[in-house]
Amino acid sequence: MAILSPTVRYFSLLGSITLLTMYLVPPINQSECDEVSYKIFFSGSKNLKAATSTLLSCGEAYKFQNPVSAIVLYSVLYTAFLAASIPGCTTVLSILAGAMWNPIVAILLIVINSSFGGMCAYVLSQLVLKDTVVKRFPRLFNKLRKSIDSFGSNIWFAMIFLRVTPLVPNWFVSLGSPMVGMPINVFFFGGMLGFVPAGIFHCLNGRALKSLVTDSGVDPFTSFFTLFGLQFVVLLPLWLCGKKKSRELEAKISKEEKKKGD
């Protein structure tokens with residue numbers, strides 16, 4: 001009971017905040033939203049274009065009447081999905097941000113909500129999961145620990161590196177960080193910087209998708225080259241250092257796994 005009690009409290013609080021927000025904001029009663037259901041958020045990359053197009057029609061109609069509430073509702077849903085550590089659910093929402101808002105607002109929404117959602121998952125793991133994370137995902141935990149150790153005392157760069165590279169899934173970085181002693185301030189602010197390239201990438205996809213499904217006048221070529229250039233500037237320093245670190249780390253992990261196999 002002692003193990004379940006914090007879990008129940010955590011998810012009860014998370015669910016209550018989400019439901020309260022949906023109750024307080026203006027209702028979603030636009031005709032464009034009739035085809036939207038909860039299943040659309042779990043479609044992942046299988047039917048990404050159709051899912052985002054459906055949400056875009058609904059989101060644009062709702063945003064036209066309730067611009068501030070649209071941002072609040074989007075932020076709460078995005079944060080709740082990440083806080084519950086459900087892999088892949090925010091992909092559609094990230095691309096949707098790029099289609100619905102201008103690039104600056106979209107990137108800020110993605111980065112800030114990703115950071116707060118990740119921090120909620122961090123707290124969940126620290127309070128409730130603890131050793132369960134290590135026992136359930138030993139290989140991922142080993143990768144995470146070695147990734148951080150490979151940077152020595154430079155834990156800020158380690159956190160940015162983990163958020164930028166796919167070496168360890170983002171959902172596990174959030175759950176496993178408390179177990180490897182990552183300070184929450186470094187986790188939050190370092191992770192926020194690391195989310196910027198992904199935010200730019202999803203914004204780019206959202207802008208391109210909007211130009212395909214609507215007559216919005218968005219120039220896909222201008223959007224592509226502007227956001228791609230910005231992403232390149234952000235990623236270049238991390239890529240130069242991270243590429244070498246990633247190769248060394250993969251080789252080290254592979255070598256250790258071979259020794260265990262022998």
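Residues numbered from 1 in each chain as written. Predicted model: local features only at pLDDT ≥ 70, side-chain atom pairs only at ≥ 80, totals over all residues. Heavy atoms only, no water.

### A look at the overall build of the protein
Our working rule: Helix and strand definitions follow DSSP, with helices as H or I runs of at least four residues and strands as E runs of at least two, each counted in order from the N terminus. Here's how the labels work: a residue is buried when its accessible area is under 20% of the maximum for its type, exposed when over 50%, partly exposed in between, all with a 1.4 Å probe on protein chains only. Contacts are residue-level and defined by heavy atoms, with any inter-residue pair within 4.5 Å sufficient.
A count of helical and extended segments in the protein gives 11 helices and 0 strands. A buried classification covers 44% of the 262 residues belonging to the protein. Of all intrachain contacts in the protein linking residues separated by at least 6 positions in sequence, the fraction that spans at least 24 positions is 79%.

### Remarks on the confidence of the model for the protein
Here is the rule: One confidence number per residue, pLDDT, is output by the predictor and ranges from 0 to 100.
On average, the protein scores 76 in pLDDT, and the residues at 70 or more come to 71%. Of all the helices and strands in the protein, helix α11 (residues 220-261) carries the lowest mean pLDDT, 56, while helix α3 (residues 67-83) carries the highest, 89.

### Things to note about the side chain of S174
Quick reminder of the rule: Any pair of N or O atoms that falls within 3.5 Å is considered a polar contact. Within protein, one atom must be able to donate a hydrogen and the other to accept it, and sequence-neighbouring residues count only if both atoms are side-chain atoms.
In this structure, S174 sits in helix α9 (residues 170-176). Here R163 takes part through its side chain, which lies 3.0 Å from a polar atom of the side chain of S174. Sequence-distant contacts of S174, defined by excluding residues within four places in its chain, comprise G118, A121, Y122, R163 and F187.

### Some points on the packing of α3 against helix α4 (residues 90-100)
Note the following rule: Throughout, an axis means a line fitted to C-alpha atoms (over the contacting stretch in the case of helices), and angles, computed between N-to-C directions, take values from 0 to 180 degrees. Roughly parallel means an angle under 35 degrees; roughly antiparallel, over 145; roughly perpendicular, 65 to 115; everything else is oblique. In this scheme, a crossing is called left-handed if the near helix is turned counterclockwise away from the far one by less than a right angle; it is called right-handed if the turn is clockwise. Throughout this entry, Asp, Glu, Lys and Arg are counted as charged residues, while Ala, Val, Leu, Ile, Met, Phe, Trp, Tyr, Cys and Pro are counted as nonpolar. The remaining residues, Gly among them, count as polar.
Where α3 meets α4, the axes come as close as 10 Å, and the angle between the chain directions of the two elements is 150 degrees. As far as their axial angle goes, α4 and α3 are roughly antiparallel. Our pair here, α3 against α4, has a crossing hand that is left-handed. Contacts from Y74, L77, Y78, F81 and L82 of α3 reach α4 at T90, L93, S94 and A97. Across the contact of α3 with α4, the residue classes break down as 7 nonpolar, 2 polar and no charged.

### Overview of the nonpolar core
Just so we agree on the cut-off: Working definition of a nonpolar core: buried Ala, Val, Leu, Ile, Met, Phe, Trp, Tyr and Cys residues. They are joined through side-chain atoms within 4.5 Å.
Judged by nonpolar contacts, the single largest core of 25 residues is most densely connected at Y74, L93, L96, A97 and W101. Counting residues per element, the ones that place at least two in this core are α2 (48-65), α3, α4, α5 (103-129) and α10 (184-213). Here this core takes 6 residues from α4, the largest share from any one element.

### Some words on the environment of K210
With respect to the element layout, K210 can be found in helix α10. Among the residues examined, K210 registers a relative accessible area of 15% and is labelled buried.

### Things to note about the packing of aromatic side chains
Selection rule: Classification of ring pairs rests on two measures: the distance between centres of Phe, Tyr or Trp rings, Trp counted by its six-membered ring, which must be within 6.5 Å, and the angle between planes, read as stacked under 30 degrees, edge-to-face over 60 and tilted in between.
Tallying each qualifying case throughout the model produces 8 aromatic pairs. When the centroid spacing of 5.1 Å and the interplanar angle of 65 degrees are considered together, the rings of F116 and F188 count as edge-to-face. A residue pair is termed long-range when its members are at least 10 positions apart, and F116 in helix α5 and F188 in helix α10 qualify at 72 residues. Geometrically, the ring pair formed by F188 and F189 is edge-to-face, given 5.0 Å between the ring centres and 90 degrees between the ring planes.

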